[in-house]
Amino acid sequence: MKLLEVLKSFGLSDYEAKALVALLSKGTLTAKEVSELSGIPRTSVYDVMDSLVSKGLVESFGKPKKFKALSARDIIAVLSSGVNRNLEYLKRELPKVEAEEVDVIRVYRGEMVLEKLREFVEEAKNEIIGVISYIPDMLAEILKKARCKLVIISSNASVIENAETYEFEKKEEVARSFKNFCHGLFIFDGEKTLSIFIDGTQIAIVSESPAVIEFSKTVMIPVIEFMRRKNG
């Protein structure tokens, strides 16, 4: 019976839920009548009724003792009040036991390197900024799919169309030196960083740590601003 299950979700035992439904459906009852209607053993029914009375859901009166449930509206109000008190308690106490946030850094290798770069490029909504030694064709194809502002500094940044690009001085010499491998750093929407290393093997280091992101910005933003002034 779903009603019983929902009542139990508010902290009532199986017997308490059955007794409460019996009282609501029949009105004033003795403990013996509650037992007969609900199937609660007679040896347990008085403990069950006393518990419901202590929870403020049932009233007791007279001799022999009889029991009467509050109205459905009042029962809902009592249960709601209990839930709200528990939520307030959780709001106060849970933060006290919460473990200090640990910065997570993930390392990817092989094919997953380009997959993570592709994923982050396609998910980015506002801005991607990157400084990379050399952009091989496989990276260029991924970066061209960006659907947001893209700012790139590289020895061959001009291979990326429809982007804000800047190239190093002596770019031909740099490009020749780095053509067989590339190292770089990207920031996506100011929320995650990806450091990439391609030199025979492929490695990417991903972080969403606020400290790492701020450090990366501290390194990259002045370089970008310098290139803008220089080319402005």
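Note that the coordinates shown come from a computational prediction; the quantities given were computed from them, not determined experimentally.

Rules used in this analysis
Residues numbered from 1 in each chain as written. Predicted model: local features only at pLDDT ≥ 70, side-chain atom pairs only at ≥ 80, totals over all residues. Heavy atoms only, no water. Helix = DSSP H or I, 4+ residues; strand = E, 2+ residues; numbered from the N terminus. Rg over C-alpha atoms; globule rule 2.2 N^0.38 Å. Buried < 20%, exposed > 50% of the residue type's maximum accessible area, 1.4 Å probe, protein only. Contact = heavy atoms within 4.5 Å. Areas by Shrake-Rupley, 256 points an atom, 1.4 Å probe, with all protein chains shown as cover. Lys, Arg positive; Asp, Glu negative; His and termini not counted. Charge placed at Lys NZ, Arg CZ, Asp CG, Glu CD. Pairing = 2+ DSSP bridges. Axes fitted to C-alpha atoms, helices over the stretch in contact; angles between N-to-C directions. Patch = residues over 30% accessible without salt bridge, like charges linked within 9 Å, V, L, I, M, F, W, Y side chains within 5 Å. Salt bridge = Lys/Arg side-chain N within 4 Å of Asp/Glu carboxyl O. Phe/Tyr/Trp six-rings, centres within 6.5 Å; stacked < 30°, edge-to-face > 60°. Lys NZ or Arg CZ within 6 Å of the ring centre and 35° of its normal.

A. Summary view of the overall build of the protein chain. Scanning the protein chain from N- to C-terminus turns up nine helices and 10 strands. Its C-alpha atoms give the protein chain a radius of gyration of 34 Å, more than 25% over the compact-globule value 17 Å for 232 residues. In terms of principal-axis extent, the alpha carbons of the protein chain reach across some 100 × 35 × 30 Å. Looking at the 232 residues of the protein chain, the share that counts as buried comes to 37%. Sequence separation of 24 or more characterises 49% of the internal contacts of the protein chain that already satisfy a separation of 6 or more. Surface exposure of the protein chain reaches about 14300 Å², of which carbon and sulfur atoms provide 53%. Counting 34 positive and 35 negative side-chain charges, the protein chain places the centres of these two groups 7 Å from one another.

B. Structural context of unusual backbone geometry. The amide bond that connects Lys-63 to the next residue, Pro-64, takes the cis arrangement and shows omega of -5°. Within the fold, Pro-64 resides in the loop between strand 2 (58-61) and strand 3 (66-69). In the Ramachandran plot, Asn-162 falls in the positive-phi region, its phi being about 55° despite a non-glycine side chain. Its place among the elements puts Asn-162 in the loop between strand 6 (149-154) and strand 7 (164-167). Residue class for Asn-162 comes out exposed when judged on its relative accessible area of 82%.

C. Representation of the sheet that holds strand 4 (residues 105-109). With respect to topology, seven strands assemble into an open sheet ordered 4-10-9-8-5-6-7, the strand pairing being mixed. At either margin of the open sheet sits one strand with a lone partner, and together these are strand 4 and strand 7. Pairs of neighbouring strands in the sheet enclose a mean axial angle of 15°, with direction left out of account. Both strand 5 (residues 127-132) and strand 6 contribute to a ladder of five bridges, which runs parallel. Bridge pairing links Gly-130 to Ile-152 in strand 6. The strands that helix 6 (residues 111-123) touches are strand 4, strand 5, strand 8 (182-188), strand 9 (192-199) and strand 10 (201-207); relative to strand 9, the one it contacts most, it runs at about 145°.

D. Representation of a nonpolar patch on the surface within the structure. On the surface, Val-6, Phe-10, Val-83, Leu-87, Tyr-89, Leu-90, Leu-94 and Val-97 cluster together to form a nonpolar patch covering roughly 710 Å² of accessible area. Residue contributions to the nonpolar patch peak at six residues, all from helix 5 (residues 72-97). Secondary-structure assignment places Phe-10 in the loop between helix 1 (2-9) and helix 2 (14-26). For Phe-10, a relative accessible area of 42% puts it in the partly exposed group.

E. Here's a closer look at the sheet that holds strand 3. If you trace the three strands from one edge of the open sheet to the other, you get 1-3-2, paired in antiparallel fashion. At either margin of the open sheet sits one strand with a lone partner, and together these are strand 1 (29-30) and strand 2. With two bridges joining them, strand 1 and strand 3 adopt antiparallel strand pairing. Each bridged residue has a counterpart across the sheet, and for Thr-30 the counterpart in strand 3 is Lys-66. In this fold helix 2 packs onto strand 1, strand 2 and strand 3, with an angle of close to 85° to the strand it touches most, strand 3.

F. Region of the structure containing the packing of aromatic side chains. Within the structure shown, the criterion is met by two aromatic pairs. In this structure an aromatic cluster arises from ring pairing among Phe-120, Phe-186 and Phe-188. The positively charged end of Lys-192 is found above the aromatic ring belonging to Phe-120, 4.9 Å away from the centroid.

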